[in-house]
Amino acid sequence: NISKAQGIALLRLAIEKIAVAILHNSSVNPQDFFYWGEALRMLAERVRQPSTARAHFSDALVKYTDALELSHERCFYRAHIGLGQVHCELGRLLLASGSRNRPAALKRFHQAQGHFGEALLSAAHQPADQLLTEERLLSLLRRVQIRVRAAAQF
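Being a predicted model, the structure only gives us computed values, none of them experimental.

Participant: Which parts of the structure should I look at to understand the overall build of the protein chain?
Facilitator: Summing up its helical and strand segments, the protein chain has six helices and zero strands in all. For the protein chain, the α and β elements follow one another from N to C terminus as α-α-α-α-α-α. Counting only C-alpha atoms, the protein chain reaches 50 × 40 × 30 Å along its principal axes. Across the 154 residues that make up the protein chain, the buried fraction comes to 44%. Nonlocal contacts in the protein chain, meaning residues at least 24 apart in sequence, comprise 65% of its contacts between residues at least 6 apart. Element-wise, carbon and sulfur atoms account for 55% of the exposed surface of the protein chain, whose accessible area totals about 8700 Å². Each charge class in the protein chain can be summarised by its mean position, and for the 20 positive and 13 negative side chains these summaries are 11 Å apart.

Participant: For this particular structure, what's the right way to read the packing of aromatic side chains?
Facilitator: Centre distance and the angle of the planes are the two values used to describe a pair of aromatic rings. Under the definition given, this model contains three aromatic pairs. Ring geometry for phenylalanine 33 against tryptophan 36: centres 6.1 Å apart, planes inclined by 25°, an arrangement best described as stacked. Of this pair, phenylalanine 33 and tryptophan 36 are both found in helix 2 (residues 30–46), three residues apart, which corresponds to roughly one turn of the helix. With respect to burial, phenylalanine 33 and tryptophan 36 carry one shared label: buried. Where phenylalanine 34 meets tyrosine 64, the ring centres are 5.8 Å apart and the plane angle is 50°; that geometry is what we call tilted.

Participant: Sorry, what's going on with helix 2 here?
Facilitator: Three or four residues apart is the spacing at which side chains of an α-helix point the same way, because the helix has 3.6 residues per turn. Spanning 17 residues, helix 2 covers 25 Å between terminal C-alpha atoms, matching the ideal 24 Å at 1.5 Å per step. Counting buried positions along helix 2 gives 12 out of 17 residues, so the element sits mostly inside the fold. Taken residue by residue, helix 2 has Pro30, Gln31, Phe33, Phe34, Trp36, Gly37, Glu38, Ala39, Leu40, Arg41, Leu43 and Ala44 as its buried positions. The N-cap of helix 2, judged by a side-chain oxygen 2.9 Å from the amide nitrogen of glutamine 31 a few residues on, is asparagine 29.

Participant: Sorry, what's going on with the nonpolar core here?
Facilitator: Inside soluble globular proteins, nonpolar side chains tend to come together where they are buried. Ranked by internal contacts, the top residues of the largest apolar core, which has 25 residues, are Ile15, Trp36, Leu43, Phe57, Tyr64 and Val86. Among the secondary structure elements, those contributing two or more residues to this core are helix 1 (4–24), helix 2, helix 3 (50–70) and helix 4 (73–96). Examining the composition of this core, we find that seven residues originate from one element, helix 2, more than from any other. Setting aside residues no more than four positions away along its own chain, tyrosine 64 makes contact with Phe34, Gly37, Glu38, Arg41, Ala79, Gly82, Leu83 and Val86. Grouped together as the second largest cluster of nonpolar side chains are 18 residues, Tyr77, Phe116, Ala123 and Val148 included.

Participant: Just checking my understanding: could you explain the packing of helix 2 against helix 3 for this structure?
Facilitator: For any two helices packed against each other, one specifies the crossing angle of their axes together with the interaxial distance. Between helix 2 and helix 3, whose axes approach to 8 Å, the crossing angle comes to 160°. Judged on the interaxial angle alone, helix 3 and helix 2 are roughly antiparallel. In the crossing of helix 2 with helix 3, the sense of the turn from one axis to the other is left-handed. Contact residues: helix 2 offers Pro30, Phe33, Phe34, Trp36, Gly37, Glu38, Leu40, Arg41, Leu43, Ala44 and Glu45, while helix 3 offers Ala53, His56, Phe57, Asp59, Ala60, Lys63, Tyr64, Asp66, Ala67 and Leu70. For the contact of helix 2 with helix 3, the residue count by class is 13 nonpolar, two polar and six charged.

Reading the values: rules and limits
Residues numbered from 1 in each chain as written. Predicted model: local features only at pLDDT ≥ 70, side-chain atom pairs only at ≥ 80, totals over all residues. Heavy atoms only, no water. Helix = DSSP H or I, 4+ residues; strand = E, 2+ residues; numbered from the N terminus. Buried < 20%, exposed > 50% of the residue type's maximum accessible area, 1.4 Å probe, protein only. Contact = heavy atoms within 4.5 Å. Areas by Shrake-Rupley, 256 points an atom, 1.4 Å probe, with all protein chains shown as cover. Lys, Arg positive; Asp, Glu negative; His and termini not counted. Charge placed at Lys NZ, Arg CZ, Asp CG, Glu CD. Phe/Tyr/Trp six-rings, centres within 6.5 Å; stacked < 30°, edge-to-face > 60°. Expected span 1.5 Å × (residues − 1). Polar contact = N/O pair within 3.5 Å; in protein donor to acceptor, adjacent residues only side chain to side chain. Core = buried A, V, L, I, M, F, W, Y, C linked by side-chain atoms within 4.5 Å. Axes fitted to C-alpha atoms, helices over the stretch in contact; angles between N-to-C directions. Parallel < 35°, antiparallel > 145°, perpendicular 65-115°, else oblique. Left-handed = near helix turned anticlockwise from the far one by under 90°. Nonpolar A, V, L, I, M, F, W, Y, C, P; charged D, E, K, R; others polar.

This is the structure in structure tokens:
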């Protein structure tokens, strides 16, 4: 069992090692960018400062987008899930910072819905061992829809 501080330190080390590996590798692997995005997202979920979390989530968006743009089909599905999760978290942070950010939060939630929808559509083309279950994807989509309704009433 590791502490939260140790977990954050390990994630930062992983991010640094992935960045170094990508910079020194002559061939570009979209999965490296995907894992970089995953590590940034996990780090953002663990830090306490909203501004630091936003910065890590924004960096994760860039890495997931890089993975999506460079990917073969296997990474495509997972990059959409990552993008959906990050947009949802950014929307949640926007809502938490005040009602004046409601339109921007709604936009993030709608972007999350789009990415989860894309993941659901591309799931049919994925090997079964690489998939989140369809139920899990639908659950992620339902959670975003609940956030959209809540934000609309905020």
